[in-house]
Amino acid sequence: MTQQINSRLSAFFSTNRSALFTLLVLVLLPFIVGIMDGESPMMVFANESGNSKFAQGLAIEIFILALYALSFDLIFGITGMLSFGHSMFFGVGAYLTGISLKTLGLSLPATLGLVFIAAIVQAILFGLVLPRVKGITFALVTLGLGSVFHIVVMSSEMGPYTGADVGLQGVIAPAFISPANERLRFYFIALTILILVYLLYKRFVDSPTGRVCVAIRENEGRARMLGYNTFYFKLAALTLSSLTAALAGFMHTLYQPIVSPNIASMGFTVTALLIILIGGVGTLNGALVGAVVYRLLDFGLRRYIGESASFISGAVYVLFVLFIPFGIVGTWKMKSFQINQGWNRLKKMFG
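Residues numbered from 1 in each chain as written. Predicted model: local features only at pLDDT ≥ 70, side-chain atom pairs only at ≥ 80, totals over all residues. Heavy atoms only, no water.

> I keep staring at the side chain of threonine 142 and nothing clicks. Help me out?
Relative to the assigned elements, threonine 142 resides in helix α7 (residues 136-154). A relative accessible area of 0% places threonine 142 in the buried class. A distance of 2.8 Å separates a polar atom in the side chain of threonine 142 from the backbone oxygen of alanine 139. Contacts of threonine 142, omitting those with residues within four sequence positions, involve Leu82, Ser83, Phe84, Gly85 and Phe126. (Helix = DSSP H or I, 4+ residues; strand = E, 2+ residues; numbered from the N terminus. Buried < 20%, exposed > 50% of the residue type's maximum accessible area, 1.4 Å probe, protein only. Polar contact = N/O pair within 3.5 Å; in protein donor to acceptor, adjacent residues only side chain to side chain. Contact = heavy atoms within 4.5 Å.)

Here it is in structure tokens:
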């Protein structure tokens, strides 16, 4: 019995060596940065280490982006539903969290419960169009729904609740999770949530339901011919995706002092698309890698280049699509960098 347990543990550590090492680095990251800055671990625990606190904040932003990108990868990369209104899922979670805490004065658990209920409702709202449209038509319908939501939060009528075009300001997170005074705690909570959601997604994709979702992506007509009611499987993926994106929005509002209306725009949906294109569509862990690359690239360019950062980052994304069309994780798995094909695509772009 003991030998079997030891062999299973050995196999587990051997199979998940890279993931466990990455997790260990993330757990120790605040303390490593603090020590490199000449500060003790106790100062990091007391949130008195400047560079460590900054690194934690940057990592929290990456964790939130990774959650959001995971939710988009589930419906697009795994199930094959291209949605241009995905930012609505994130925006509902973010705005509802701010309104619940600031205006309604609800507790944090009640706020999270309300966010989850809203996430399920909006998934059903998107799901109503599933039996009638698919493909590019579904993308356009979701774009319309997302645009309506963006217009609503920007409207002057909703200004007292959403802040209209200036955003929702003055949301104060509960003291025990305040990113200002308890950032290390917030860091570990965000990291734990990301790990649990990722494991849930892996379990979902490897389950019979997830395999049907992949079959729908490959050929929905054939999946129906095999006897599967594809509507329910797509609705299940959409609901899980909506819950995850709303959770990311919930975390975003707790961390950021201002909820900007930009998070409800189509541009923020494109952000999720860019992240999974960088990391690898349909790979799940590509969403994590893509979030790291996207946020660090954006931070580095804006810090050292300034206003020209958007142009440079856009050029970098084009090069990613040309030379690494399967994303970082997808290319690594396929061992195919497609350098020659990338040059040919680049030449065709310029005639």
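> I tried to follow the nonpolar core on my own but got confused; where do I start?
Here is a general trend for soluble globular proteins: nonpolar side chains tend to be buried in one another's company. Core analysis: the biggest nonpolar cluster contains 81 residues, and Leu70 and Leu254 have the highest contact counts within it. Take this core: its biggest share by element is 15 residues, from helix α4 (residues 50-78). Those residues within four positions of leucine 70 in sequence are excluded, and the remaining contacts are Leu194, Val197, Tyr198, Tyr201, Leu284, Ala287 and Leu288. (Core = buried A, V, L, I, M, F, W, Y, C linked by side-chain atoms within 4.5 Å.)

> Looking at this structure, how should I read the environment of leucine 184?
Examined against the element boundaries, leucine 184 turns out to sit in helix α9 (residues 183-206). With 138 residues separating them in the primary sequence, leucine 184 and alanine 46 have C-alpha atoms 8.5 Å apart. Ignoring anything within four residues of it in the chain, the contact list for leucine 184 reads Pro30, Phe31, Val44, Phe45, Asn47 and Gln56.

> How do you make sense of the packing of α9 against helix α10 (residues 208-225) when you look at a structure like this?
The description of two helices packed together rests on the angle between their axes and the distance between the axes. Packing of α9 against α10 leaves a shortest axis separation of 4 Å and a crossing angle of 70°. Viewed along their axes, α9 and α10 adopt a mutual orientation that is roughly perpendicular. Together, Phe204, Val205 and Asp206 of α9 and Pro208, Thr209, Gly210, Arg211 and Cys213 of α10 make up the contact between the two elements. (Axes fitted to C-alpha atoms, helices over the stretch in contact; angles between N-to-C directions. Parallel < 35°, antiparallel > 145°, perpendicular 65-115°, else oblique.)

> Which parts of the structure should I look at to understand helix α11 (residues 230-255)?
Taking 1.5 Å per residue, 26 residues should reach 38 Å; α11 reaches 38 Å between its end C-alpha atoms and fits that length. A large share of α11 lies buried, amounting to 22 of its 26 residues. (Expected span 1.5 Å × (residues − 1).)

> Could you clarify how one ought to interpret the pattern of salt bridges in this entry?
Two side chains that carry opposite charge are able to pair once their charged atoms sit near each other. Tallying each qualifying case throughout the model produces six salt bridges. When the shortest N-O distance is used, the salt bridge between arginine 295 and glutamate 61 registers 2.5 Å. Separated by 234 residues along the polypeptide, arginine 295 in helix α13 (residues 285-304) and glutamate 61 in helix α4 bring together distant segments of the chain. Connected through shared salt-bridge partners, Glu61, Arg295, Asp298 and Arg302 make up one network. (Salt bridge = Lys/Arg side-chain N within 4 Å of Asp/Glu carboxyl O.)

> Got a minute to help me understand α7 in this structure?
Every α-helix carries 3.6 residues per turn, so stepping three or four residues along brings you back to the same face. The end-to-end C-alpha distance of α7 is 27 Å, a good match for the 27 Å that 19 residues give at a rise of 1.5 Å each. Of all the positions in α7, only Phe138, Ala139, Thr142, Gly146, Phe149 and Val153 are classed as buried. Looking straight down α7, one finds that the buried residues subtend no more than 95° of arc, so they occupy a single side. Among the exposed residues of α7, those oriented more than 90 degrees off its buried face are Ile136, Leu140 and Ile151. Residues of α7 that are buried in the fold lie against α5 (87-104), α6 (108-127) and α8 (159-162). (Arc of directions from axis to C-beta.)

> I tried to follow the environment of serine 83 on my own but got confused; where do I start?
Positionally, serine 83 belongs in the loop between α4 and α5. In sequence terms serine 83 and threonine 142 are 59 residues apart; their C-alpha atoms lie 5.7 Å from each other. Setting aside residues up to four positions removed in sequence, serine 83 forms contacts with Phe72, Ile75, Phe126, Phe138, Thr142 and Thr269. A distance of 3.2 Å separates a polar side-chain atom of serine 83 from the backbone nitrogen of glycine 85.

> Help me understand the packing of α5 against α6 in this model?
Closest axis-to-axis distance for the α5/α6 pair is 9 Å, and the angle between their directions is 150°. The angle between the axes of α5 and α6 places the two elements in the roughly antiparallel class. α5 and α6 meet at a crossing whose hand is right-handed. Contact residues: Met88, Phe89, Val92, Gly93, Leu96, Thr97, Ser100 and Leu101 in α5; Leu108, Thr111, Leu114, Val115, Ala118, Gln122, Leu125 and Phe126 in α6. Along the lines of polarity and charge, the residues of the contact of α5 with α6 split into eleven nonpolar, five polar and no charged. (Left-handed = near helix turned anticlockwise from the far one by under 90°. Nonpolar A, V, L, I, M, F, W, Y, C, P; charged D, E, K, R; others polar.)

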